[in-house]
Amino acid sequence: MDDVLKIAGKAFRSRLLIGTGKYRTFDEMRQCHQASGAEVVTVAVRRVNLDRTSESLLDYIDPAHYFLLPNTAGCYTADEAIRAARLGREVGLSHWVKLEVIGDERTLFPDNEGLLEATRVLAREGFVVLPYTTDDLINARRLIDAGAAAVMPLGAPIGSGLGIQNTTNLRILREMITEVPLIVDAGVGTASDAVLAMELGFDGVLMNTAVAAAAESVKMAEAMKHAVIAGRLAYCAGRMPRKLYASASSPLDGRVSS
């Protein structure tokens, strides 16, 4: 494909972003990353051995091949998320951050107020901020005003595998927000979910559990690669109009008569 995903001026050929959690082994994670074709790999700052004194998932991610995107998973306040982002930058991971400020432990829904506060602070400090948020248009606009380089609305609760639950809100987001990329983050369960997200016009999909928890994770990673490509191609191609009644694919007009 000729079109690329651009975030904060950086171009990526793949529109699939992938995580590092819940894999059975580090080697399985490495194989899934390779099979997915992803270029962006998210790493939870709070859940990784940053001093490299013992085996770490970072040993299985080639920074020359993948773009590391630190995330603030597990942070429940703006202050915690800001500290995690700063730590990720200080240890050399990146000045980019997938920003999470969780508001509820059971649903893992984001705390929109805390997310907005952390976005403002980190954007002022020169971070490229990609906030995980709800599928709410007003909040998305506020995040953009605060300096977000992309907006990452959930499709369904994190790790649920329920797929896209509110296509109406996502369609509204896509129609109303064009100044920054929109990336569906959370809820994808299988390839058809990724296709739908891309057919809605989203610029990318971030996933983790859908691949890591699959019975055969490497195969699912490859399926997701093709799903994102197919959904993007279909969106760019423009689907045929929906019609209530049948329309012959081989019209009788102009046929040879006996």
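What counts, and at which threshold
Residues numbered from 1 in each chain as written. Predicted model: local features only at pLDDT ≥ 70, side-chain atom pairs only at ≥ 80, totals over all residues. Heavy atoms only, no water. Helix = DSSP H or I, 4+ residues; strand = E, 2+ residues; numbered from the N terminus. Rg over C-alpha atoms; globule rule 2.2 N^0.38 Å. Buried < 20%, exposed > 50% of the residue type's maximum accessible area, 1.4 Å probe, protein only. Pairing = 2+ DSSP bridges. Phe/Tyr/Trp six-rings, centres within 6.5 Å; stacked < 30°, edge-to-face > 60°. Contact = heavy atoms within 4.5 Å. Salt bridge = Lys/Arg side-chain N within 4 Å of Asp/Glu carboxyl O. Arc of directions from axis to C-beta.

**Q** Account for the overall build of the protein chain, with residues named and values stated.
**A** When helices and strands are counted, the protein chain shows eight helices and 10 strands. Taking 2.2 N^0.38 as the reference for a compact globule, 258 residues should give roughly 18 Å; the C-alpha atoms of the protein chain span a radius of gyration of 20 Å, in line with that estimate. Projecting the C-alpha coordinates of the protein chain onto the three principal axes gives extents of approximately 85 × 40 × 35 Å. Counting over 258 residues, the protein chain shows a buried share of 50%.

**Q** Just give me the short version of the pairing of strand β10 (residues 204-207), but keep the residues and values in it.
**A** Alternating positions in β10 separate into two faces, G204 and L206 on one and V205 and M207 on the other, with burial throughout. Note: strand β3 (residues 16-18) against β10, three bridges, orientation parallel. Looking at the pairing, I18 lines up with M207 of β10. Relative to β10, strand β9 (residues 183-185) runs parallel, the two sharing three bridges. Bridge pairing links D185 to L206 in β10.

**Q** Please provide a residue-by-residue account of the packing of aromatic side chains, values included.
**A** A complete count under the given rule lists four aromatic pairs for this structure. With a centroid separation of 6.2 Å and 90 degrees between ring planes, the pair formed by F12 and W96 is classed as edge-to-face. Placement of the pair is F12 in strand β2 (residues 10-12) and W96 in strand β6 (residues 96-99), with a sequence separation of 84 residues. Residue classification places W96 among the buried positions, given a relative accessible area of 7%. Ring centres of F67 and W96 lie 4.8 Å apart, and the angle between their planes is 70 degrees; on these two criteria the pair is classed as edge-to-face. Within this pair, whereas F67 is found in strand β5 (residues 67-71), its partner W96 is found in strand β6, the two being separated by 29 residues in sequence.

**Q** Account for the side chain of D185, with residues named and values stated.
**A** Relative to the helices and strands, D185 is located in strand β9. Excluding its chain neighbours within four sequence positions, the residues that come into contact with D185 are K98, Y132, M152, P153, L154, G155 and L206.

**Q** Tell me about the pattern of salt bridges, and please be specific about residues and values.
**A** Inspection of the entire model under this criterion finds 12 salt bridges. The shortest N-O distance in the salt bridge between R15 and D3 comes to 2.9 Å. A residue pair is termed long-range when its members are at least 10 positions apart, and R15 in the loop between β2 and β3 and D3 in the segment before β1 (5-7) qualify at 12 residues. In this structure, D3 engages R232 in a salt bridge whose closest nitrogen and oxygen atoms are separated by 2.5 Å. With D3 in the segment before β1 and R232 in helix α8 (residues 217-237), this residue pair connects regions lying 229 residues apart in the sequence.

**Q** Tell me about helix α1 (residues 26-36), and name the residues and values.
**A** Since one α-helical turn is 3.6 residues long, residues separated by three or four positions face the same way. Three or more residues of α1 are buried, namely E28, M29, C32, H33, A35 and S36. One side of α1 holds all its buried residues, which, seen down the axis, span an arc of 165 degrees. One or two steps after α1, the chain reaches G37, where phi turns positive at roughly 75 degrees.

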